[in-house]
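Here's the letter readout for the chains.
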Amino acid sequence: MDYKFIESESSIELVSSVDKGRYILSKDAKKRNEVIFTVEHPYCFAFEPYLVKQVCSVCFAYLETRKQLANNKQKQYIACTGCDKVFYCSQRCYQQGHHSQRNESNRFIDITSPHQHYHTTLECLILRNLQQPAGLAFHHITELNMIINYLSLTPYIKLVNNNNNNNNNNNENNSNSNSNTIIKDRMSVLVGGFDNIVNKDDKKLIRRMTGIVKKAFSNVNYEVEESDILELLTMSTRNCFGLWKNYEECFGLAIYLEASLFNHSCYPNAARVQRGRSIDIIAIRDIEPNEEICISYLNITNGSHERKDHLKNNYLFDCVCIRCTQTNPDIENIVRSFICRNPRVKCSGYLYLPQGSDSRQCNFCQWKESSEIKRIILNSINNVKPNSFTNESKLPLNDSSPYTPTDEKTNNVATRFLPERE
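Calculation rules
- Residues numbered from 1 in each chain as written.
- Predicted model: local features only at pLDDT ≥ 70, side-chain atom pairs only at ≥ 80, totals over all residues.
- Heavy atoms only, no water.
- UniProt positions renumbered as here; feature names shortened; annotations may be inferred.
- Helix = DSSP H or I, 4+ residues; strand = E, 2+ residues; numbered from the N terminus.
- Expected span 1.5 Å × (residues − 1).
- Buried < 20%, exposed > 50% of the residue type's maximum accessible area, 1.4 Å probe, protein only.
- Pairing = 2+ DSSP bridges.
- Axes fitted to C-alpha atoms, helices over the stretch in contact; angles between N-to-C directions.
- Contact = heavy atoms within 4.5 Å.
- Core = buried A, V, L, I, M, F, W, Y, C linked by side-chain atoms within 4.5 Å.
- Phe/Tyr/Trp six-rings, centres within 6.5 Å; stacked < 30°, edge-to-face > 60°.

- If you look the protein up in an unreviewed UniProt entry, it shows as SET domain-containing protein from Heterostelium pallidum.
- Entered under Function (unreviewed entry) in the UniProt record, the comment concerning the protein runs "Probable methyltransferase."

This is the structure in structure tokens:
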């Protein structure tokens, strides 16, 4: 497995160690609000079953944003007539993302270029025949469809060492000989570990989902190893990102391999911002040279015990970040300075300063803070050095300040299969 997508970024470095595994370091100093890394496309994705008609499968545009179509009473989406489960917002997106618009010259894809992914004939056949499994929640079905989305690409993948067009054409017919290798090579960057799952109910659920996926492919005479599906489902559980319509509604799931390399911290220095199909990793506080870049996998306003239990049960590791191993008011004060302070909703997002704007806004609910709150917070945080924690550098917060955390600010919508990765 190569990491050219990381090596091409001159400002960050992927390193590994025995105790921490793989992680990403910043090669130079980064200022708060600086864009660290951009991931243009997911490797696979799926939308919630009840929202598929509202989201474009190419650009991820919402139906509700296309008001001009509604005003003209025009048809507000273009559907795949084969399965009626994939939709597009425009003719342009349809031409880019549907298998009927492909020919022999562009039918095969380069797995290293996710923007070449499209709704394949195999995926269309599977979705058309796939019955909604009874007893599974919507987000379970979404994850099933996401794994189907990824596995359906394997017959169309052009191998790097396969330069003969005839071999490429035979790739689809002889896919069983190389698809497993492709799956393992590309997804080995992710952390799986089905055997490490302690919860018996979780194991039972993943095994059931594995059986559903395997049967779906077998029904169209395409065989995939059960062990590979099992591991992919375990990987997706620990590495996929929620695609959020707003602060409380997740409209889908996606795997961004590059973004999955960022480790977790309950005291993160970076966060993601969803921009349609792509995501930006931005600095939410100053980052020093050779400092590890971390995002958060959960709602950091939760208490220490709740965070640790969530990470252990859902991501299978014990958090040893500085916030979990030390009791330091200064760290808590800094966290308060960048968490969303929207008084109208229970949001778990982070405040950042968009380019060209003079007001910070939440990466989650898009709430913008007032100029007065911004002035107080920034003046306070500038007096605290991010890597120097002393009792003399506390933020002047009090119970009546508009940005003091409240007990009501929680987010309980996330479950094992509905990731909170911020």
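**Considering helix α5 (residues 138–151)**
Each full turn of the α-helix corresponds to 3.6 residues, which orients residues three or four apart in the same direction.
Turning to step 1, where the next piece is worked out: Compared with an ideal rise of 1.5 Å per residue, which puts 14 residues at 20 Å, α5 spans 20 Å between its outermost C-alpha atoms and is within 8% of the ideal.
Turning to step 2, where the next piece is worked out: Of all 14 residues in α5, 13 are buried; the element is thus mostly enclosed.

**Comments concerning the sheet that holds strand β7 (residues 241–244)**
Turning to step 1, where the next piece is worked out: Taken in spatial order, the 3 strands line up as β4-β8-β7 in an open sheet, and their pairing is antiparallel. Only two strands of the sheet have a single neighbouring strand rather than two, namely β4 (44–47) and β7. Across the sheet, the mean angle from the axis of one strand to that of its neighbour is 25°, orientation sign disregarded.
Turning to step 2, where the next piece is worked out: In this sheet, strand β8 (residues 250–255) lies alongside β4 in antiparallel orientation, the contact comprising 4 bridges. Across the sheet, cysteine 44 pairs through a bridge with isoleucine 255, a residue of β8.
Turning to step 3, where the next piece is worked out: The strands touched by α5 are β4 and β8; relative to β4, the strand with the most contacts, the crossing angle is about 145°.

**A word on the nonpolar core**
Turning to step 1, where the next piece is worked out: By size, the foremost hydrophobic cluster in this structure holds 46 residues, and its most contacted members are Ile36, Phe47, Tyr256, Ile293 and Phe338.
Turning to step 2, where the next piece is worked out: Secondary-structure elements contributing two or more residues to this core are β3 (35–39), β4, β7, β8, β10 (270–275), β11 (278–283), α10 (304–315) and α12 (329–338).
Turning to step 3, where the next piece is worked out: No other element matches α12, which puts 4 residues into this core.
Turning to step 4, where the next piece is worked out: Membership of the second largest hydrophobic core comes to 40 residues, among which are Tyr43, Met209, Leu232 and Cys240.

**Things to note about unusual backbone geometry**
Turning to step 1, where the next piece is worked out: Here asparagine 33, not a glycine, exhibits a phi torsion of approximately 80°, which is positive.
Turning to step 2, where the next piece is worked out: If you trace the backbone, asparagine 33 turns up in the loop between β2 (21–26) and β3.
Turning to step 3, where the next piece is worked out: A residue is classified by how much of its surface remains accessible, and asparagine 33, at 21% relative accessible area, is partly exposed.
Turning to step 4, where the next piece is worked out: The backbone phi angle of aspartate 84 is positive, close to 60°, even though this residue is not glycine.
Turning to step 5, where the next piece is worked out: Relative to the assigned elements, aspartate 84 resides in the loop between β5 (78–79) and β6 (87–88).

**Remarks on the packing of aromatic side chains**
Turning to step 1, where the next piece is worked out: By the definition in use, this model includes 15 aromatic pairs.
Turning to step 2, where the next piece is worked out: When the ring of tyrosine 50 is compared with that of phenylalanine 138, the centres are 5.1 Å apart and the planes differ by 50°; the resulting orientation is tilted. Placement of tyrosine 50 in the loop between β4 and α2 (67–71) and of phenylalanine 138 in helix α5 is noted, with a sequence separation of 88 residues between them.
Turning to step 3, where the next piece is worked out: Residue classification places tyrosine 50 among the partly exposed positions, given a relative accessible area of 43%.
Turning to step 4, where the next piece is worked out: With a centroid separation of 5.3 Å and an interplanar angle of 65°, the aromatic rings of tryptophan 244 and phenylalanine 364 are classed as edge-to-face. In this pair, tryptophan 244 is assigned in strand β7 and phenylalanine 364 in the loop between β14 (361–362) and α13 (371–381), connecting sequence segments 120 residues apart.
Turning to step 5, where the next piece is worked out: The class for tryptophan 244 is buried, based on a relative accessible area of 10%.
Turning to step 6, where the next piece is worked out: Note on phenylalanine 364: relative accessible area 10%, which makes it buried.

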